[in-house]
Amino acid sequence: MQVGKMDRPIEIQTAPKRKTEMGEPYFDWDDAETYATAWAEKREMGGREFFAAAHVGVEFDTKFFIHFLEGVDTTMRIFCEGKYYDIQFVREIGRRAGLEILGLGRG
């Protein structure tokens, strides 16, 4: 993780959990709120990385690297450059030095 490569502003969003009329839980992204903003390094997945990811059962197409931020989890999403990314996996880098976030792009 190199600070100089963190050149993309991102917004990490959270949404309230609601229930459908049938009682099924869902996240209401129409009422999304900003959890945090950060500068990130954004890496699009190459063919080999995407193939390797499929073998471990995590579907993602983009990696984000940010400074450590407490509380980021897979119930959140990232907004970056006009596109939303569902957070699929979050991994701490070092001893609270940063986070690696795997995201799946949505429209």
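Computed from a prediction, not measured in an experiment: that's the story for all the values here. (Residues numbered from 1 in each chain as written. Predicted model: local features only at pLDDT ≥ 70, side-chain atom pairs only at ≥ 80, totals over all residues. Heavy atoms only, no water.)

1. As for the overall build of the chain
From N to C terminus, the chain includes 1 helix and 8 strands. Going from N to C terminus, the chain has its helices and strands arranged as β-β-β-β-α-β-β-β-β. In the chain, the proportion of contacts linking residues at least 24 apart, taken out of those at least 6 apart, comes to 54%. Here the chain displays about 6900 Å² of accessible surface, and carbon together with sulfur accounts for 50% of that area. (Helix = DSSP H or I, 4+ residues; strand = E, 2+ residues; numbered from the N terminus. Contact = heavy atoms within 4.5 Å. Areas by Shrake-Rupley, 256 points an atom, 1.4 Å probe, with all protein chains shown as cover.)

2. What to know about the sheet that holds strand β6 (residues 77-80)
Strand order in the closed barrel formed by 6 strands is β1-β4-β5-β8-β7-β6, and the pairing between neighbours is antiparallel. With direction set aside, neighbouring strand axes in the sheet form an average angle of 45°. As paired strands, β6 and strand β7 (residues 83-93) are joined by 4 bridges and run antiparallel to one another. Within the sheet, the bridge partner assigned to C80 lies in β7 and is K83. (Pairing = 2+ DSSP bridges. Axes fitted to C-alpha atoms, helices over the stretch in contact; angles between N-to-C directions.)

3. Remarks on the pattern of salt bridges
A full pass over the atoms with the stated rule returns 11 salt bridges. Where R8 meets E81, a salt bridge forms, and the shortest distance between an N and an O atom there is 3.0 Å. Of the two residues, R8 is situated in strand β1 (residues 8-14) and E81 in the loop between β6 and β7; the sequence distance between them amounts to 73 residues. Residue classification places E81 among the exposed residues on the basis of a relative accessible area of 52%. A salt bridge links E70 to R96; its shortest N-O distance comes to 2.6 Å. Taken together, the residues E70 in the loop between β5 (62-67) and β6 and R96 in the loop between β7 and β8 (98-106) connect sequence positions 26 residues apart. Here the salt bridges do not stand alone but share partners, grouping D7, R8, K42, E44 and E81 into one network. (Salt bridge = Lys/Arg side-chain N within 4 Å of Asp/Glu carboxyl O. Buried < 20%, exposed > 50% of the residue type's maximum accessible area, 1.4 Å probe, protein only.)

4. Here we look at the environment of G82
Considering the arrangement of structural elements, one finds G82 in the loop between β6 and β7. Distance in space between the C-alpha atoms of G82 and I10 is 9.9 Å, their sequence separation being 72 residues.

5. Looking at the side chain of Q13
Mapped onto the fold, Q13 is located in strand β1. With a relative accessible area of 7%, Q13 lands in the buried category. A distance of 2.9 Å separates the side chain of Q13 from the side chain of E11, its partner in a polar contact. A distance of 2.6 Å separates the side chain of Q13 from the side chain of R77, its partner in a polar contact. Here Q13 is in contact with W29, A32, E33, Y35, M76, R77, F79 and Y84, once residues within four sequence places are set aside. (Polar contact = N/O pair within 3.5 Å; in protein donor to acceptor, adjacent residues only side chain to side chain.)

Geometry only, nothing functional implied.
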